[in-house]
Amino acid sequence: MSVIEMVREEGIAILTINRANVLNALNTEVLLELKKVLSQIKEDTSIKVVIITGAGEKAFVAGADISEMVKQSVDEGYRYSRLGQEVLALIENLPQPVIAAVNGYALGGGCELAMACDMRIASEKAKFGLPEINLGIIPGFGGTKRLTELVGKAKAMELILTGEMIDAAQAERLGLVNQVVKADKLLETAKTLAQKIASKSQIAVRAAKLAVNKSLYTDIETANACEAGLFGVCFASEDRKEGMMAFLEKRPAKFKN
Ligand code: HXC
């Protein structure tokens, strides 16, 4: 069985990280497989939304694989960090929105993986944390930046410097997760959100993701220029005509793209 399982449900791809015996820890094999699968998804316009989750009851992903890292040289450790950053950037820059369905522990690289997704739905059993400090290291898959963006500097500092875990309710209060649901409703909730997004104009969905992402790491003038350009792309689409006509004719829109 592959370390990444992919199930297609109409326009939605559900990826499951499948190493339950080690709480889905991310080793090089998982990262390379994720890279491969994401590169295929990127080119596949029939996939409109992606959901990422972890196998088993206990963990989303409990971090980078410590038994692999313990053997790494300094150079290998650096390259491992860069590989993880590259794979998570692929998620962030994927044209399709990505939802993390966090079913349990999301620690270290696992929390970083969840943060690279566009939205996070958490089971009430989920726990989040960046415990790297307890191993004598720091987050290495983009977590120092993404956590700071999501929760602000003071809370990011506290989580990174203490390495302590927080539960799903605390994560929701911090803005780290969008919604907390009962464990048996997790995938259903993620799928409902995915289907809602999949029913929209995909030109507009992709433009919106790109505009929001670009806005994060740039100044307001550049962000506005980017937004206006993407707005123009949507405006030129058949879906724009359909969406506006449907509103005026008081009927649901039937988007083509
Ligand atoms: C390798 C791991 C692992 C990990 C768990 N396991 N997390 N193996 N890497 N990150 C393995 C355990 O060794 C164990 O294997 C099995 O999974 C079950 O875990 P237990 O510890 O027995 O479960 P439990 O007592 O319930 O504790 C759950 C836990 C704990 C609190 C999540 O496993 C834990 O603290 N894990 C490590 C979390 C962590 O530090 N993550 C950050 C890693 S650093 P056996 O063979 O004994 O059954 C990181 C850096 C990212 O992510 C950037 C890199 C560049």
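Cut-offs used in this document
Residues numbered from 1 in each chain as written. Predicted model: local features only at pLDDT ≥ 70, side-chain atom pairs only at ≥ 80, totals over all residues. Heavy atoms only, no water. Helix = DSSP H or I, 4+ residues; strand = E, 2+ residues; numbered from the N terminus. Buried < 20%, exposed > 50% of the residue type's maximum accessible area, 1.4 Å probe, protein only. Contact = heavy atoms within 4.5 Å. Domains from an automatic or database assignment. Buried area = accessible area lost by both parts, 1.4 Å probe. Salt bridge = Lys/Arg side-chain N within 4 Å of Asp/Glu carboxyl O. Polar contact = N/O pair within 3.5 Å; in protein donor to acceptor, adjacent residues only side chain to side chain. Nonpolar A, V, L, I, M, F, W, Y, C, P; charged D, E, K, R; others polar. Pairing = 2+ DSSP bridges. Axes fitted to C-alpha atoms, helices over the stretch in contact; angles between N-to-C directions. Patch = residues over 30% accessible without salt bridge, like charges linked within 9 Å, V, L, I, M, F, W, Y side chains within 5 Å. Areas by Shrake-Rupley, 256 points an atom, 1.4 Å probe, with all protein chains shown as cover. Core = buried A, V, L, I, M, F, W, Y, C linked by side-chain atoms within 4.5 Å.

(A) Geometry of the overall build of the chain. Within the chain one finds eleven helices and ten strands. The dimensions of the chain, computed from C-alpha atoms along their principal axes, are 60 × 40 × 35 Å. Burial statistics for the chain: of 257 residues in total, 44% are counted as buried. In the chain, once contacts between residues fewer than 6 apart in sequence are set aside, the share between residues at least 24 apart is 70%.

(B) Inspection of the domain arrangement of the chain at higher detail. Taken domain by domain, the chain holds domain 1 (4–198) and domain 2 (201–249). Relative to domain 2, the C-alpha centre of domain 1 lies at a distance of 27 Å. Between domain 1 and domain 2, the residue contacts involve 16 residues of the former and seven residues of the latter. Summing both partners gives a buried area of about 930 Å² for domain 1 against domain 2, and 47% of it is carried by carbon and sulfur. Contact with domain 2 buries surface across domain 1, with Glu92, Pro95 and Glu149 losing the most and accounting together for 44% of the total. Our count for the domain 1 to domain 2 interface comes out at one salt bridge. Of the charged contacts, one joins Asp118 and Lys209 as a salt bridge, the two residues approaching to 2.8 Å between their closest N and O atoms. The interface formed by domain 1 and domain 2 holds eight residue pairs in polar contact (both at pLDDT 80 or more) in total. Sorting the residues of the side of domain 1 that touches domain 2 by element identifies helix H3 (74–93), helix H5 (143–151) and helix H8 (186–198) as the ones contributing at least two each. A per-class count over the side of domain 1 that touches domain 2 returns eight nonpolar, two polar and six charged.

(C) Up close: the sheet that holds strand E10 (residues 179–181). Pairing is mixed across the open sheet formed by six strands, whose spatial order is E1-E2-E3-E5-E7-E10. The open sheet has two free edges, formed respectively by strand E1 (4–9) and E10, since each of these has just one partner strand. If you compare each strand with its neighbour and ignore which way they point, the axes differ by 20 degrees on average. For strand E5 (residues 98–102) and strand E7 (residues 119–123), the ladder comprises four bridges, and the chain directions are parallel. From the neighbouring strand, Ala101 faces E7, where its bridge partner is Ile121. Across the sheet, helix H1 (residues 28–43) lies against E1, strand E2 (12–17) and strand E3 (49–54), angled at about 175 degrees from E2, the strand it touches most.

(D) Focus on the environment of Asn178. Following the sequence through the fold, Asn178 ends up in the loop between helix H7 (168–174) and E10. Owing to a relative accessible area of 43%, Asn178 belongs among the partly exposed residues under this scheme.

(E) Representation of a nonpolar patch on the surface. Taken together, the side chains of Ile66, Leu135 and Ile137 make up a nonpolar region of the molecular surface, amounting to roughly 250 Å² of accessible area. Here Ile66 lies in helix H2 (residues 66–69). Relative accessible area serves as the criterion here: at 46%, Ile66 is assigned to the partly exposed category.

(F) How the structure looks around the nonpolar core. Within the largest apolar cluster, 50 residues are counted, with the highest numbers of intra-cluster contacts made by Ile52 and Phe128. In this view, Phe128 contacts Val102, Ala106, Leu107, Cys111, Ala122, Glu164, Met165, Ile166, Ala168, Ala171, Leu176 and Val177; residues no more than four positions away in its chain are not counted. Counting residues in hydrophobic clusters, the runner-up holds 15 residues, among them Ile51, Ile121, Leu186 and Val205.

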